[in-house]
Amino acid sequence: MNSLNFNIDNGYLEGLVRGFKGGILKQTDYLNLIQCETLEDLKLHLQSTDYGNFLANEASPLQVSVIDDKLKEKLVIEFQHMRNQSVTPLATFLDYITYSYMIDNIVLLITGTLHQRAISELIPKCHPLGSFEQMEALHIASTPAELYNAVLVDTPLASYFIDCISEQDLDELNIEIIRNALYKAYLEDFYKFCQTLGDSTGAYMSDALAFEADRRAFIITINSFGTELPKDDRAKLYPRCGKLFPDGLAALARADDYEQVRAVAEYYSEYRVLFEESSNNPGEKTLEDKFFEYEVMLMKKAFLDQFHFGIFYAYVKLKEQESRNIIWIAECVAQRHRAKIDSYIPIF
Amino acid sequence: MGSLYRSEEMASCQLFLQAEAAYACVSELGELGLVQFRDLNPDVNAFQRKFVNEVRRCEEMERKLRFLEKEIRKDEIPMLDTGDNPDAPAPREMIDLEATFEKLENEMKEVNANAEALKRNYLDLTELKHILRKTQTFFDEAMSDQGMTEESIVLLGEEAVKTSGQPLRLGFVAGVILRERIPPFERMLWRACRGNVFLRQTEILTPLEDPVTGDRVHKSVFIIFFQGDQLKSRVKKICEGFRATLYPCPETQAERREMSLGVTTRIEDLNTILSQTQDHRHRVLVAAAKDIKVWFIKVRKIKAVYHTLNMLNLDVTQKCLISECWCPIRDLEKIQMALRRGTERSGGSVPSILNRMETKEQPPTYNCTNKFTKVFQDIVDSYGVAGYREVNPAPFTIVSFPFLFSLMFGDAGHGTLMLLAAIAMVVFEKRILRQKSDNEIWNMFFDGRYIILLMGAFSLYAGLMYNDIFSKSINIFGSVWHPTSGEFSAEIIKTHKDLTLDPTNDTDYRGVPYPFGMDPAWQLSLNKIKWLNSFKMKISIIFGVGQMFFGVVLSLQNHRFFKDSISIFCEFLPQVIFLTCIFGYLIVLILHKWIAIDATDAGCAPSLLIGLINMFLLNYPEEPCSSRVPPGQKGLQSFLLILIILCVPWLLVLKPYILKRRYQATQQKSSSRLGTSTEDGKSAEDAIDGAIQDDSHGQYEEELNLLEIVVHQCIHTIEYCLGCISHTASYLRLWALSLAHAELSEVLWNMVFRVALKVDGYLGVISIYILFTPWACLTIAILLLMEALSAFLHTLRLHWIEFQSKFYKGDGYLFDPFSFDKIIESRADEV
């Protein structure tokens, strides 16, 4: 796809998403938000931003969950609008973005049914971007094979699921494995798809997805310490489209503790910094936060170039981060726990 | 109303309001709408201000009102707009209002909840009814098929009989599902149960109402047969997953019939209850609808007052609020009155105080307009708001705008149509205003009705001058050209298509011009366009240079008003000389050519353009009729040229030079004053006075950035000198558009309507009947709407750039008073 013809199909949407991006909260907004005493103050301040009156019709007292729902709703409305206006390569691209939410939803539902929760209780917790028709019937399945045959075979995730059918039954560990296996297949597929698009889309998306893949590899490794997950099983879950592939992944597969993971990251300049600056001490950023920060930086970069799809992905990710920030601040305000209110991740 | 020439005098005032009287006073000021408050706490966050709780309460009330409004809209009850404008209620009334809204909202919510429960019940019952009815047909079919299956069993042989011989207990579930979910539902059932279930479904023809959203949804009845408990639980789970509602369905027909009867009676009962709830809801809403507009206004007023109060400062003693505001000096009296009323209303004993204070800030620009002048003021303001007390071009625009427009749109027919449309809008003004249309394009026309009125009237006049009515001319006074009486006999006229009339010949030309406007004979002549072009071009130049000259004169008014004598001598004078020497002289040449040269010596008429170019080249070629050239012309032109050339450095250098000298002088003065102790007390005082005056005059300018001044003057000079030339050329658009308009309307006449006129007899009648419509439509769409729009835009440009650039700075900002009317109006737009 070349930039000459880009605007024919996607010019409007690119303009739109750039406009949306202008509405992302700035550092000054955050400074105002963290001064809020109550959620009502928060609402008052959000009114003066691009969010406008999105909370105006909510009866007080305000709940954090209501804010969360409304934030999601706003993003979903914007996203659906773009999805409805888009044509093939972009439409497929946008669909790919929703797949990750679908995976999360599936895992959420399976875990929920495993804990004997009613499906009606779980559905509202699912991310609306990742909802699909057969979602609510997920709980009929008791084994991965059934899950595949009855439910997922019709969804776009079917092809990702094939690797997991062999798992025997659905327990906590297996669900995690399924999630990660799905994610791995999804990331690799998305990566491949973006490569076929080529040009700057390919360039920006390969950066973004490579980072996503590497982040997952690190997190999987770190989280697997102290569980009974065998090392070779763990190695199978690493998405193989990141910068760590193949040497880094091989090294990670051998890692036994955090220090060894850190040693692996030493070889990669961009990750080394993240590991160096993070720590678990209070008052300092955790590794997770550093990853988020790095992601925000990557996503902001996507807006510097024109004529590519990366900005759609970047916008969704940035908006997600913004929701996390607002919810974090709202939670801190609501629970009167102001000590850590600053640990949001500023975007602009 | 002489004030339109310059904006109102404004005063910066300080208001001291007693804390208890502040609310009443501010609300009185809001009704008055003449005071612009300045935000005294810009650094304070929205939620840290003093009256934030009240604002929040207002928002809460607004939310409740919006909720009520939505409900009223849903029931399509008309909301009464009485046009009432209640005063902002006192703060204590707020509690009453809140209570009322609270009560209404709760009542509404309760009614809604009840209605929803009832509707849900109703939906369940109707679905059950459908299920009973539809499943009946399924079972009936099954019964009638019985014979067939038995036969086939026999055909299958003994084993089959054996297996089916045991009583096969088929279980079934029946339910209702959204119609669009059927295909995936069916697929899922098939996959999950490995084909061991049997699904029958049929559509419910009447759409059902969703109790939550109130939308109409299409649903289908289904019945699933299966065997065994395991499958049953699985089927039920799938049904749940697809949000199908399952209903118990009795197995025997008698039970089903009984149930069906029961359901029908229950539905009837529910219907009566439902209609009663609906009535109740309707009553509540109708009562609310009567007052809702007034409530909205009240709440908005309260909110606006608190917003304003939030901008005020509390003084140290906490007893009074201090505000700073701009207000027109003319209306100080009114404001005082309002304050007094406010204090009385709140029962305060200490009056509120209005204090004028000195300020260096530039006051806002406030032009008092009425419905007629507003549109012209808006045209000016959309280019840039006049600086404080700067000459306002709006009053001149009232005349010059329609006039220049009419030069381009000169057609009496089109002008009349436009005039009639505008008159209709003006006459039915009140009725249209009451309707409050939302159509943006229509509102744009309607807002501009007075300018359209003038443009129509002027175009009518210009059209008569051009003698152009739908591209035809009328012969009122009798043309002064009369070929029949001259050397051409009637025969020659009949046989020849083109004949030349000689203006020098008395028999062809009466010798006096046509008394009003263009002679109709030109309409028929072959050289019509040539003649009109020459005429309209010259007219354009004359009017254009006239307008520019007027603009330069207005700049003199500005300089005099602001006591800027340097600018008069260093800017105004050279500008006038420059303009007069080039284009004033050109106009003289034009007039000379019109008056002094007639048909007898037409061959010797000087070319204006070449003449002007030659003047600059100092080139005077020998011409055949050089005897016609006035004797002093060469000397005069050289003199003018020297003046023109002198003007440029005059404009460029003198002002920065004088400013610099002045600055140095004051510097020296102050340094000498500091250096030597004052011997002569008086002169020292003078010096101080002078220094103070200088300070007040322009301390900031005098922190002289010489470079900036020089660059600015440079740009100004270049802009003016080149501008004069290019702007004069730009005024030729008056001719160009007028030509285009006339040609277009002629083409339309010839290509469309004239075709019909050429046909004879009855057919002609029919063809006129048919062709009139396209001609009229095209005239309105192209000539009236599109051409008018283009002429309007060109006029706009001529005013904004060619005219206003001569004097208008437009660096002010609008006076934005705190006014309830404005707030309510803008909110109404939002809704």
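See the structure above.
All figures in this text were calculated on a predicted structure; none of them were measured in a lab.

Calculation notes
- Residues numbered from 1 in each chain as written.
- Chains lettered and ligands numbered in written order.
- Predicted model: local features only at pLDDT ≥ 70, side-chain atom pairs only at ≥ 80, totals over all residues.
- Heavy atoms only, no water.
- Helix = DSSP H or I, 4+ residues; strand = E, 2+ residues; numbered from the N terminus.
- Contact = heavy atoms within 4.5 Å.
- Areas by Shrake-Rupley, 256 points an atom, 1.4 Å probe, with all protein chains shown as cover.
- Buried area = accessible area lost by both parts, 1.4 Å probe.
- Salt bridge = Lys/Arg side-chain N within 4 Å of Asp/Glu carboxyl O.
- Polar contact = N/O pair within 3.5 Å; in protein donor to acceptor, adjacent residues only side chain to side chain.
- Nonpolar A, V, L, I, M, F, W, Y, C, P; charged D, E, K, R; others polar.
- Axes fitted to C-alpha atoms, helices over the stretch in contact; angles between N-to-C directions.
- Parallel < 35°, antiparallel > 145°, perpendicular 65-115°, else oblique.
- Phe/Tyr/Trp six-rings, centres within 6.5 Å; stacked < 30°, edge-to-face > 60°.
- Buried < 20%, exposed > 50% of the residue type's maximum accessible area, 1.4 Å probe, protein only.
- Lys NZ or Arg CZ within 6 Å of the ring centre and 35° of its normal.
- Disulfide = S-S within 2.5 Å.
- Arc of directions from axis to C-beta.

Caption draft 1: Seen up close, the overall build of chain B. Scanning chain B for helices and strands turns up 25 helices and eleven strands. Relative to all contacts within chain B whose residues are 6 or more apart in sequence, the contacts with residues 24 or more apart total 83%. Carbon and sulfur atoms make up 60% of the accessible area of chain B, which totals about 46000 Å².

Caption draft 2: Region of the structure containing the interface of chain B and chain A. The partner chain A presents 27 residues to the 24 residues of chain B that form the contact. A combined buried area of about 2300 Å² lies between chain B and chain A, and 49% of that area is made up of carbon and sulfur atoms. Inspection of the chain B/chain A interface yields one salt bridge. When the shortest N-O distance is used, the salt bridge between arginine 56 of chain B and aspartate 41 of chain A registers 2.4 Å. At the junction of chain B with chain A, the criterion picks out one residue pair in polar contact (both at pLDDT 80 or more). When residues of the side of chain B that touches chain A are traced back to their parent elements, those giving at least two are α2 (52-74), α5 (182-192) and α6 (229-241) of chain B. Here the residues of the side of chain B that touches chain A sort into eight nonpolar, three polar and 13 charged.

Caption draft 3: Inspection of the packing of helix α1 (residues 3-22) of chain A against helix α4 (residues 64-85) of chain A at higher detail. Residue and element names in this part refer to chain A. Put simply, α1 and α4 touch, their axes get as near as 10 Å, and they point 170° apart. Compared by their axis directions, α1 and α4 come out roughly antiparallel. Here α1 contributes Tyr12, Leu13, Leu16, Val17 and Phe20 to the contact with α4, which in turn contributes Glu78, His81, Met82 and Gln85. Classifying every residue of the contact of α1 with α4 gives six nonpolar, two polar and one charged.

Caption draft 4: Representation of the packing of aromatic side chains. Residue and element names in this part refer to chain B. What the rule picks out here adds up to 64 aromatic pairs over all chains. Geometrically, the ring pair formed by phenylalanine 51 and tyrosine 306 is tilted, given 5.6 Å between the ring centres and 35° between the ring planes. Taken together, the residues span a long stretch of sequence, with phenylalanine 51 in the loop between β2 (36-37) and α2 and tyrosine 306 in helix α7 (residues 253-310) at a distance of 255 residues. Neither phenylalanine 51 nor tyrosine 306 differs from the other in exposure class; each is buried. Against the face of phenylalanine 561 rests arginine 6, its NZ or CZ located 3.9 Å from the ring centre.

Caption draft 5: Local environment of the state of the cysteines. All names here are of chain B. On inspection of all chains with the given rule, the structure shows zero disulfides over all chains. No disulfide involves cysteine 320; its sulfur sits 12 Å from that of cysteine 25, the nearest cysteine. Here cysteine 327 stays unpaired: no disulfide links it, and the sulfur of cysteine 13, its closest cysteine neighbor, is 3.5 Å away. Overall, cysteine 327 belongs to the buried group, its relative accessible area being 0%.

Caption draft 6: Representation of helix α19 (residues 608-617) of chain B. All names here are of chain B. Among the residues of α19, Leu608, Leu612, Asn614 and Met615 are the ones counted as buried. For α19, the buried positions fall inside an angular range of 165° around the axis, keeping them on one side. Opposite the packed face of α19, turned more than 90 degrees from it, sit the exposed residues Leu609 and Leu617. Where α19 begins, the side chain of serine 607 points an oxygen toward the backbone nitrogen of isoleucine 610, at a separation of 3.4 Å. Positive phi appears at leucine 618, one or two residues downstream of α19, with a value of about 55°.

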